Amino acid sequence: MAVAEISTLESIREKVEANERLGFEDGLALMESDDVLALGELADLARRVRGGGDEVYFVQNLYLNQTNVCRVKCKFCAFATTRKQPDAYTLTPGELVDDALRQREATGFTEIHMVNGENPHVGFDFYVDTIRLLHEAMPDVHLKCYTASEIHHMTTLSGLSHEEVLRELQAAGLGSLPGGGAEVFADRVRRLVAPGKEHPDVWFHVHDTAHRLGIPTHCTMLYGHVETYEERVDHLLRLREQQDRSGGFLAFIPLAFHPENTVFERRGWRHTTGSDDLKVIAVSRLLLDNVPNVKASWIMMGMPLAAVALHFGANDVQGTVVREEIFHAAGARTETEQKIEELVRFVQEAGRIPVQRDTLYRELRRW
Ligand code: SF4
């Protein structure tokens, strides 16, 4: 290891021990470091210095995708179709609720996580009716639905503002927003991977508006494609600034890019490495000093690596997912229904305390 790197990591350690905020150059030094174990140790230290305990959270949730028809055509996406393709589907609100009720008989989920394609062939009433019917059928289930991009899509369908759309959905029973659609905020990256998607300022405006309305949200970064380390750090710091302003992010979820069935697979792209996944978890925890929870998504990483990530700053292992299609369309091979006992065992073997939570991180059960 170069002498310069040692001193940089040491100066970062001093800041972490003093609970001082890290800057852009610190973030870049961390991203550029090959000493992944040191990053993990620093991130775990940061988590504890900021009051984190041994609890590791998970939620029982049902993943739903009501339509895969999408007008946007992001290059990293293996899920979207056009209406004319044979595998295109769009469930009516009634069909979706019936499906969710059938799933509920099999599992006691407390949360529905739903994201969709941006279907240009439905109206805003499609979304409001869906939320209202889901909420009426399962009033005790938290509805975490629609990315900022989908909320923005609803404004183009309805002519309403972000605030008006969110207010209507909130009145119908919406509980929170997932964090998707953020990708990587840098303009250069957006042009390359998601040229059809709205400007990142829109993503921030939707989340800012949601927070002001009392709707908590989540934030993400889809990494491991064309972005540089600088662009990752820039992305994380923009999230941190937003959290300073509005404070409504419940958790940060780093999403590793899966190239299968996308244009990137044809170009010979590979998965992110385990060490890059751990690095992103660690640096996220170190930079996002105001976001309380960092998730290691076992859907994307697999449970063994997610368990290691618990020593790299993560304190959440996503959940017991009843069904998930988007990352599996892009080749994720993990089991789509992870049994609670198995999650509990993984967390305990990592030396931590498994806690089942609701969406708002209220404790439901601990082992
Ligand atoms: S990532 Fe979302 S917005 Fe982009 S093409 Fe896929 S479904 Fe559409």
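A. Examining the overall build of the protein chain more closely. When its secondary structure is counted, the protein chain shows 16 helices and nine strands. Here the protein chain has a C-alpha radius of gyration of 20 Å; the compact-globule value for 367 residues is 21 Å, and the two agree. Expressed as lengths along the three principal axes of its C-alpha atoms, the size of the protein chain is roughly 60 × 45 × 40 Å. Every one of the 367 residues in the protein chain was classed for burial, and the buried ones make up 59%. For the protein chain, restricting intrachain contacts to residue pairs at least 6 apart in sequence, the fraction spanning at least 24 positions comes to 75%. When the accessible surface of the protein chain is totalled, it reaches about 14500 Å², and 50% of it is carbon and sulfur. Mean positive and mean negative side-chain charge positions of the protein chain (40 and 55 charges, respectively) differ by 2 Å.

B. The arrangement of the sheet that holds strand S4 (residues 217–223) in detail. Pairing is parallel across the open sheet formed by three strands, whose spatial order is S4-S5-S6. Looking at which strands have only one partner, the edges of the open sheet turn out to be S4 and strand S6 (293–294). Two elements, S4 and strand S5 (residues 249–256), share seven bridges in a ladder whose sense is parallel. By the bridge assignment for S5, His 218 is matched with Ala 251.

C. Local environment of the pairing of S5. Taken across its eight residues, S5 has eight buried, putting it largely inside the fold. Since S4 and S5 lie parallel, the crossover through helix H10 (residues 229–246) that links them has a hand, and here it is right-handed. In this sheet, S6 lies alongside S5 in parallel orientation, the contact comprising two bridges. For Ala 251, the partnering residue across the bridge sits in S6 and is Asn 293.

D. Summary view of the nonpolar core. Judged by nonpolar contacts, the single largest core of 106 residues is most densely connected at Ile 112 and Leu 169. Looking at this core element by element, the count peaks at seven residues for helix H12 (residues 274–287). Here Ile 112 is in contact with Leu 62, Leu 64, Ala 100, Leu 134, Met 138, Val 141, His 142, Leu 143, Lys 144 and Cys 145, once residues within four sequence places are set aside.

E. Up close: the packing of aromatic side chains. Taken as a whole and assessed by the stated rule, the structure comprises eight aromatic pairs. Arranged with centres 5.6 Å apart and planes meeting at 75 degrees, the rings of Tyr 57 and Tyr 361 form a pair that is edge-to-face. Taken together, the residues Tyr 57 in strand S1 (residues 55–64) and Tyr 361 in the loop between strand S8 (353–357) and strand S9 (363–366) connect sequence positions 304 residues apart. Joined through ring pairs, the aromatic side chains of Phe 185, Trp 203, Phe 204 and Phe 249 make up one cluster. The aromatic ring of Phe 109 is capped on one face by Arg 104, whose charged end is 5.6 Å from the ring centroid.

F. The arrangement of the side chain of His 142 in detail. Looking at the element boundaries, His 142 is found in strand S3 (residues 142–145). The class of His 142 is buried, set by a relative accessible area of 15%. Here the side chain of His 142 touches Ser 176 through a polar contact of 2.8 Å, side chain to side chain. Filtering out sequence-adjacent residues up to four positions away, His 142 remains in contact with Thr 110, Glu 111, Ile 112, Gly 175, Ser 176, Thr 359 and Leu 360.

G. Quick look at the side chain of His 113. Tracing the chain through its elements places His 113 in strand S2 (residues 111–114). Once you skip the residues sitting within four places of it in the chain, His 113 turns out to touch Leu 62, Tyr 63, Leu 64, Lys 144 and Pro 178.

H. Region of the structure containing H12. Under the 1.5 Å per step criterion, the end-to-end length of H12 is 20 Å for 14 residues, consistent within 8% with the ideal 20 Å. With respect to burial, H12 is a largely interior element, 12 of its 14 residues being buried.

I. Broad picture of the site of the ligand. In the vicinity of the ligand, the contacting residues are Cys 70, Val 72, Lys 73, Cys 74, Phe 76, Cys 77, Phe 79, Ala 80, Gly 117, Glu 118 and Lys 197. Its residues assigned to classes, the shell around the ligand comprises seven nonpolar, one polar and three charged.

The rules we used
Residues numbered from 1 in each chain as written. Predicted model: local features only at pLDDT ≥ 70, side-chain atom pairs only at ≥ 80, totals over all residues. Heavy atoms only, no water. Helix = DSSP H or I, 4+ residues; strand = E, 2+ residues; numbered from the N terminus. Rg over C-alpha atoms; globule rule 2.2 N^0.38 Å. Buried < 20%, exposed > 50% of the residue type's maximum accessible area, 1.4 Å probe, protein only. Contact = heavy atoms within 4.5 Å. Areas by Shrake-Rupley, 256 points an atom, 1.4 Å probe, with all protein chains shown as cover. Lys, Arg positive; Asp, Glu negative; His and termini not counted. Charge placed at Lys NZ, Arg CZ, Asp CG, Glu CD. Pairing = 2+ DSSP bridges. Right-handed = clockwise from strand over helix to strand, strands pointing away. Core = buried A, V, L, I, M, F, W, Y, C linked by side-chain atoms within 4.5 Å. Phe/Tyr/Trp six-rings, centres within 6.5 Å; stacked < 30°, edge-to-face > 60°. Lys NZ or Arg CZ within 6 Å of the ring centre and 35° of its normal. Polar contact = N/O pair within 3.5 Å; in protein donor to acceptor, adjacent residues only side chain to side chain. Expected span 1.5 Å × (residues − 1). Near = heavy atom within 4 Å. Nonpolar A, V, L, I, M, F, W, Y, C, P; charged D, E, K, R; others polar.

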